[in-house]
Amino acid sequence: MEFAELIRTGQAQAELLRGPEEPPLRGTLCITGHHLLLSPGPQATPDLWLLLLRNVDSIEKRIAGDSGTITLRCKDLRVLQLDIEGVEATLDIARSIEALSSLESVITSFPFFYRPKGLRLGDAWHFHPPECYYKRVARETNAWRLSEANEDFSLCPSYPRAVIVPRAVEDSALARSARFRQGGRFPVLSYYHAPSGTVLLRAGQPLTGPQKRRCSEDEELLRVVLAGARPGARGFIVDTRSPQAAKQARMTGGGTEAKAAYPGWKRLHRPLERGRPLQESFVHLVEACGDLEQSMDRWLNRLESCRWLSHVKETLSTACLAAQSMEQEGACVLVHGADGTDSTLLITSLAQLILDPLSRTMAGFQELIEREWIQAGHPFQLRCAHSAFSHARPKHEAPTFLLFLDCVWQLGRQFPLSLEFGEGMLLALFDHAYASPFGTFLCNNEKERCLCEVRTRTHSLWSGLSQPKEQRKLRNPLYVPNPLAIWPSAEPQSLRLWQGLFLRGTRLPEPSEVAWEKVWQIVTDQEKTEGSQPTDSASEPRP
């Protein structure tokens, strides 16, 4: 199929309304296979305005007289309005946008055509392989090894080719454990906590079923985990489902680890919402944030009823539980829900941010995203197909990654000096997860990325974010390395609405954002001053 077949009109005259803080932009509107472009007239700025069509979540059109209006609600939560001359041109543009923004083919998406200056294909894809984190673990302990049993993705299509597993467990035992776990997701190392000698694992649910099946290799794997930790170590299995949901899963072939089969391990249920309810919570929150006419009481009632901040609270509480079990109780922790690709990754990644100072650096955070979300098999293509405005409500969509970013934002607000990255980094990750010119968030797992040749035919987001012009937007100018764990408060009075995201299209910049820019200016000026001082001035004697 050619893109030209879906483009019904070449161009039209239009006026673009972008938000409360930006003036209208008038010029010639054009459509390409991947973008909506508006070229201002000769009296205005010569820069083009571009919108990646993949960013369009829903489109509404209205006709009035001999002109029309198209409202584009974007996946990044911005709302754009196009006033177009001509009824036929309005309808043709609307149909073209609807067709081009809903294409599902991965290999015809824009990342496969994006070739920016200064970047080379292949750059940054090698920054965060599984071997990189394994080297860190190997410096602390020899109880773990890097297994390539999943080299051809036959054990688990949602795991990477190489995973970190106990050294005493052979690949043949991993294969049998994989057959006993949902989606083949046998227990693998997520994080090694050197101060306590304990580990954080992730997996899919065991397939015990109504017959209460067992797997001796799976039981041995978890026994070896405890034996390789400090003497007398015990373990906690954090199940992100309710006891009722776990019991129901057993009736359909899933289940939980039987206490008698896994001595030394204790199961803890910490139910976290996922799937459709989480998506509905997101939708209701965005609807409430977009209503500018409501009273304060109405706004607060809607904010509470959507339960988004309740999800943030429950997620942070569970992550603190996992981190506390390792740091303060010296216990190993295994996290799983049902599939092990959503709330499981949410908890393992947040627990590492709480405990691991390296994860709170710019490079460490990027590695965490790559290792615990992308390579770990979070299905971005399914979960982020639509944002909050789409009228479609497929059951496989859920803002799990957004919930993670919101929790990280809460951490940054409570510990403003401890994260090397700022809100700009989190906003960029949200935007790129839903619509991006880079290939980092394409597909649902590493197997699909290999089949689509994503790593050889698209650019990595990390390469784009490493450009000097991007760093000021992403870094925290107040960052001071903190070697300690950071323990967030999950109490309701400690949590805030992430206004920089959820109100980004309906409000003017806050005084705090203006102050943030001032801080950056002070830091930049200070660096320039220090850099301009003579190098031998420090050796001069004081008067």
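The name recorded for the chain in an unreviewed UniProt entry is Myotubularin phosphatase domain-containing protein, from Muntiacus muntjak.

(A) Representation of the overall build of the chain within the structure. Across its full length, the chain holds 19 helices and 14 strands. Its C-alpha atoms give the chain a radius of gyration of 25 Å, near enough to 24 Å, the size a compact globule of 543 residues would have. Each of the 543 residues in the chain was classed as buried or not, and the buried ones make up 54%. Across the chain, every contact between residues at least 6 apart in sequence was considered, and the portion connecting residues at least 24 apart equals 71%. Of the roughly 24,500 Å² that the chain leaves accessible, carbon and sulfur atoms contribute 53%. In the chain, 63 positive and 64 negative side-chain charges are present, and the distance between their average locations comes to 6 Å.

(B) Here's a closer look at the domain arrangement of the chain. Parsing the chain into structural domains produces domain 1 (4-103) and domain 2 (130-501). Here the C-alpha centroids of domain 1 and domain 2 sit 37 Å apart. At the interface, 12 residues of domain 1 touch 17 residues of domain 2. Both faces combined, the contact of domain 1 with domain 2 buries some 1,100 Å², and carbon together with sulfur accounts for 62% of it. The three residues of domain 1 that bury the most area against domain 2 are Asp57, Lys75 and Leu77, which together make up 53% of that side's buried surface. Taken together, the links from domain 1 to domain 2 amount to zero salt bridges. Our count for the contact surface shared by domain 1 and domain 2 stands at seven residue pairs in polar contact (both at pLDDT 80 or more). Those elements that provide at least two residues to the side of domain 1 that touches domain 2 are β5 (56-64) and β6 (67-74). A per-class count over the side of domain 1 that touches domain 2 returns four nonpolar, two polar and six charged.

(C) Examining the packing of aromatic side chains more closely. In total, this model carries 16 aromatic pairs according to the counting rule given. On the numbers, 5.2 Å between centres and 75 degrees between planes, the contact of Trp373 with Phe401 is edge-to-face. One end of the pair, Trp373, is in helix α10 (residues 362-374); the other, Phe401, is in helix α12 (residues 400-414), and 28 residues separate them in sequence. Each of the two residues, Trp373 as well as Phe401, counts as buried. In textbook terms, an aromatic cluster arises when at least three aromatic residues are bridged by ring pairs, as seen for Phe365, Trp373, Phe380, Phe401, Phe404, Phe421 and Phe441.

(D) Spatial organisation of the sheet that holds strand β11 (residues 198-202). Within the open sheet, the five strands sit side by side as β10-β11-β14-β12-β13. Their pairing is mixed. Edge positions in the sheet fall to β10 (188-193) and β13 (265-269), since each has one partner strand and no second. Across the sheet, the mean angle from the axis of one strand to that of its neighbour is 20 degrees, orientation sign disregarded. Here three bridges tie β11 to strand β14 (residues 332-336), and the two strands are oriented parallel to one another. Bridging from a neighbouring strand, Leu201 pairs with Leu334 of β14. Of the strands in this sheet, β11, β12 (235-239), β13 and β14 touch helix α4 (residues 216-228), which is tilted by about 105 degrees from β13.

(E) Region of interest: the nonpolar core. Of all hydrophobic cores here, the largest spans 115 residues; its most connected members are Phe365, Phe404 and Phe502. Here this core takes nine residues from α12, the largest share from any one element. Formed by 26 residues, the second largest nonpolar core is a distinct cluster that contains Ile31, Leu36, Ile70 and Leu80.

The rules behind these values
Counting restarts for each chain, with residues numbered from 1 along the sequence as it is written. This being a predicted model, a pLDDT of at least 70 is required before a residue's local features are given, and a value of 80 or more before pairs of side-chain atoms are given or counted; all residues contribute to the totals for chains, interfaces and linings. Values reported for side chains reflect all heavy atoms of the structure, with hydrogen atoms and water molecules removed beforehand. Counting from the N terminus, the helices are the DSSP runs of H or I reaching at least four residues and the strands are the DSSP runs of E reaching at least two. In this description the radius of gyration comes from C-alpha coordinates, and the expected globular size is given by 2.2 Å times residues to the power 0.38. Between buried and exposed lies partly exposed: a residue is buried under 20% and exposed over 50% of the maximum accessible area for its type, with that area taken using a 1.4 Å probe on protein chains only. Contacts are residue-level and defined by heavy atoms, with any inter-residue pair within 4.5 Å sufficient. Using a 1.4 Å probe, the Shrake-Rupley method yields the accessible areas, and only the shown protein chains count as cover for residues. Under the convention used here, Asp and Glu are negative, Lys and Arg are positive, and both His and the chain ends fall outside the count. Note on charges: their place is set at NZ of Lys, CZ of Arg, CG of Asp or CD of Glu. Domain start and stop points were drawn from an automatic or database domain assignment. By buried area we mean how much accessible surface two parts lose on assembly, using a 1.4 Å probe and totalling the loss over both. Salt bridges are counted wherever a side-chain nitrogen of Lys or Arg sits within 4 Å of a carboxyl oxygen of Asp or Glu. Distance and chemistry together define a polar contact, namely a pair of N or O atoms within 3.5 Å, with one atom able to donate a hydrogen and the other to accept it when in protein, and with adjacent residues in sequence counting only for side-chain atoms on both sides. Residues are grouped as follows: nonpolar covers Ala, Val, Leu, Ile, Met, Phe, Trp, Tyr, Cys and Pro; charged covers Asp, Glu, Lys and Arg; every other residue, Gly included, is treated as polar. Any Phe, Tyr or Trp ring, taking Trp's six-membered ring, that has another such ring centre within 6.5 Å forms a pair; planes under 30 degrees apart are called stacked, those over 60 apart edge-to-face, and the others tilted. Strand pairing requires that DSSP identify at least two bridges connecting the strands. Only the contacting stretch of a helix is used when fitting its axis, a line to C-alpha atoms as for every element, and angles between N-to-C directions run 0 to 180 degrees. By convention a nonpolar core is built from buried Ala, Val, Leu, Ile, Met, Phe, Trp, Tyr and Cys residues, the set being connected through side-chain atoms within 4.5 Å.

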